[in-house]
Amino acid sequence: MGLESRLPEGMVLTTTLEKLVNWSRRYSPWPLTFGLACCAIEMMHTGVSRHDIARFGAEAFRASPRQADVMIVAGRISQKMAPVVKRLYEQMPEPKWVIAMGACASSGGMFNNYAIIQGADKIIPVDVYVPGCPPRPEALLYAITRLQRKIEQEKFKDRA
Amino acid sequence: MPIDYLPILVLVVVALVFSVLALLVPALLGPRRPTAVKLSTYESGKIPFGTTGRRFPVKYYLTAVLFILFDIEVIFLYPWAVVFKKLKLFGLIEMGVFVLILLVGYFYVWRKGALEWD
């Protein structure tokens, strides 16, 4: 029960507070430590010094969904893994965002068969899709900046 | 002079203000939407089962205690090794006696069968 559902909208105080909250959320999108397939290797690569995900405040990969803000679905989701992914998403506290990394997480990719969920958005809401098989670290970083742009524009009432 | 400790006081005040803010602001601003799934135990996305109060073999206890005993012995060896040359022969004999005492204990434990797992 945050202030989000209680504050009147359009007030100067509300919009200023909104900016402050969005600013702080934007620069600390902590991802969940969670890799499903080969995209996870690129995700790890994004964290190393060469690409340095810390430039965007997202270096703190949390080992518990309780502390995570962003779920990076890095890889194909098999039918067996789907309930696990869903449960992890549900255990993340609000506000939370999802990046579907790579072709498989976005659409099932080349695995057009019964074993693979045809895109993460079949089970959880996705904010940013990253194309590539697997995407390069630059692509994931770009996705994080796109997500930051989205977070920046969020309104309290959208989440109330 | 008490004034020399001013930086420590400043540090304490800053730490206090920061930690209170860090608890207060999220409590006010953070949305809280508890659900049954969210409040349940985190088990890497699996459905948790059983209770946490599980029974485990007491054999671990014995092994742990013995480990600590002989671990301390090794820890004592380190500072002794640093001043080994200064202590000359006396140090060597002294440490030999110490290790011997523990060696007696080791053989006792061995004979008692505490090192047998089953």
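Placed above this text is the structure.
All values derive from a computational prediction rather than experimental measurement.

1. Re unusual backbone geometry
All names here are of chain A.
No. 1: Residue Pro 95 is reached from Glu 94 by a cis peptide bond, and omega for that bond is -5 degrees.
No. 2: Structurally, the position occupied by Pro 95 is in the loop between helix 3 (82-91) and strand 2 (97-101).
No. 3: Of note, the amide linkage connecting Cys 133 to Pro 134 takes the cis form, showing an omega dihedral of -10 degrees.
No. 4: Within the element layout of this structure, Pro 134 appears in the loop between strand 3 (128-130) and helix 5 (137-152).
No. 5: Its identity is not glycine, yet Asp 52 carries a phi of approximately 55 degrees, on the positive side.

2. Details of the packing of helix 1 (residues 12-26) of chain A against helix 5 of chain A
Residue and element names in this part refer to chain A.
No. 1: Where helix 1 meets helix 5, the closest approach of the two axes is 8 Å, and the angle between their N-to-C directions is 165 degrees. Regarding the angle of helix 1 to helix 5, the classification is roughly antiparallel. In the packing of helix 1 onto helix 5, the handedness of the crossing is right-handed. Touching Asn 22, Arg 25 and Arg 26 of helix 1 are Gln 148, Ile 151 and Glu 152, all from helix 5.
No. 2: When the residues that make up the contact of helix 1 with helix 5 are grouped by side-chain class, the tally is 1 nonpolar, 2 polar and 3 charged.

3. Some details on the nonpolar core
All names here are of chain A.
No. 1: With 37 residues, the main nonpolar core has Met 71, Val 73, Ile 99, Ala 100, Met 101 and Ala 105 as its most contacted residues.
No. 2: Put simply, the parts of the chain that give this core at least two residues each are helix 2 (39-47), strand 1 (70-74), helix 3, strand 2, helix 4 (102-107), strand 3 and helix 5.
No. 3: Once you skip the residues sitting within four places of it in the chain, Ile 99 turns out to touch Val 70, Ile 72, Val 73, Asp 127, Val 128, Val 130, Ala 143 and Leu 147.

Calculation notes
Residues numbered from 1 in each chain as written. Chains lettered and ligands numbered in written order. Predicted model: local features only at pLDDT ≥ 70, side-chain atom pairs only at ≥ 80, totals over all residues. Helix = DSSP H or I, 4+ residues; strand = E, 2+ residues; numbered from the N terminus. Axes fitted to C-alpha atoms, helices over the stretch in contact; angles between N-to-C directions. Parallel < 35°, antiparallel > 145°, perpendicular 65-115°, else oblique. Left-handed = near helix turned anticlockwise from the far one by under 90°. Contact = placed C-beta atoms within 7 Å. Nonpolar A, V, L, I, M, F, W, Y, C, P; charged D, E, K, R; others polar. Core = buried A, V, L, I, M, F, W, Y, C linked by C-beta atoms within 7 Å. Buried ≥ 20, exposed ≤ 12 C-beta atoms within 10 Å, placed from the backbone.

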